[in-house]
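# Structural features, examined
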Amino acid sequence: MVGPEEVLSFWLDEVGPKGWYLQDDALDAEIRERFLTTWQAASEGRFSLWLTYPSGSLAYVILMDQFPRNMFRDSAKAFSSDRAALSAAKCAVDKGWDLKIDEPARQFFYLPMMHSENLCDQERCVRLMCQNINDSDSSNLLHARAHREVIRQFGRFPYRNEALSRPMTEHEAAYVDMGGYGVTVRELQAAG
């Protein structure tokens, strides 16, 4: 198992912004190799001390929200620690700890809200991105708005249905078939 400093050093310095949102099998394997045991321990509730200070909370949120998406890509397990990440992120934001973390790392406090299938969480994410992220290329805010739009339209993320063994409605299937999330992003870009 590793400590919060190693999580932050790996994600913020080694992987960095260029690698955060790429789909990369080698990176997925490296995260599994280095952090799976730590993620499992956190999933069992063993790292509550991480949640007592800003950088520890950030490391916990990254471990529970970002890493499973890499370690368990395209499976239900990718979303299995979302609730823990969301709870930790909301608690940190309520304490103002997000503002004690420099950008671009600060965004990781908001991503569990962006990943939530709850419209209130989506609205809060968009507000926080607007207020607290200097988004010169506007990609963070664009994606926050796109996630919110998908939840407004469907109440869930249709592209998770297969991984979560959820039935797909006709409306969701049509959306996914025509390009899904990418279409939503392009529509928001076109709308300005």
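Our subject is the structure that appears above.
Below you will find a few notes about this structure. (Residues numbered from 1 in each chain as written. Predicted model: local features only at pLDDT ≥ 70, side-chain atom pairs only at ≥ 80, totals over all residues. Heavy atoms only, no water.)

Membership of the largest hydrophobic core comes to 48 residues, with the highest contact counts inside it found for Trp11, Phe67 and Met129. Take this core: its biggest share by element is nine residues, from helix H3 (residues 54-71). For this core, the two domains that each supply at least three residues are domain 1 (1-100) and domain 2 (116-191). Setting aside chain neighbours within four positions, we find Trp11 in contact with Gly16, Trp20, Ile31, Ile62, Gln66, Phe67, Asn70 and Phe108. Core analysis: the second largest hydrophobic core is formed by nine residues, Leu142, Ile151, Phe154 and Tyr175 among them. (Core = buried A, V, L, I, M, F, W, Y, C linked by side-chain atoms within 4.5 Å. Buried < 20%, exposed > 50% of the residue type's maximum accessible area, 1.4 Å probe, protein only. Helix = DSSP H or I, 4+ residues; strand = E, 2+ residues; numbered from the N terminus. Domains from an automatic or database assignment. Contact = heavy atoms within 4.5 Å.)

Right, let's get into the pattern of salt bridges. Summed over all chains, the structure comprises 14 salt bridges. Residue Asp28 pairs with Arg73 through a salt bridge whose shortest N-O separation is 2.7 Å. Here Asp28 is found in helix H2 (residues 25-43), whereas its partner Arg73 is found in the loop between H3 and helix H4 (82-94), with 45 residues between them in sequence. What makes Asp28 buried here is its relative accessible area of 3%. Given the relative accessible area of 26%, Arg73 is considered partly exposed. Where Glu123 meets Arg148, a salt bridge forms, and the shortest distance between an N and an O atom there is 3.2 Å. Here Glu123, found in helix H6 (residues 119-132), pairs with Arg148, found in helix H7 (residues 139-154); they are 25 residues apart in sequence, far enough to count as distant. For Glu123, a relative accessible area of 25% puts it in the partly exposed group. Accessibility expressed as a relative area gives 13% for Arg148, which makes it buried. (Salt bridge = Lys/Arg side-chain N within 4 Å of Asp/Glu carboxyl O.)

Here we take up H4. Across its 13 residues, H4 extends 18 Å between first and last C-alpha, which sits within 8% of the 18 Å expected from 1.5 Å per residue. Buried residues of H4: Asp82, Ala85, Leu86, Ala88, Ala89, Ala92 and Val93, and no others. Along the axis of H4, the buried residues cluster in a sector spanning 170°; they form a single face. Exposed side of H4, more than 90 degrees from the buried face: Arg83 and Asp94 are the residues found there. The inward-facing, buried residues of H4 abut H3, helix H5 (111-114) and H6. Remark: Gly96 follows H4 within two positions and exhibits a positive phi of approximately 80°. (Expected span 1.5 Å × (residues − 1). Arc of directions from axis to C-beta.)

Purely spatial values, then, with no claim about function.
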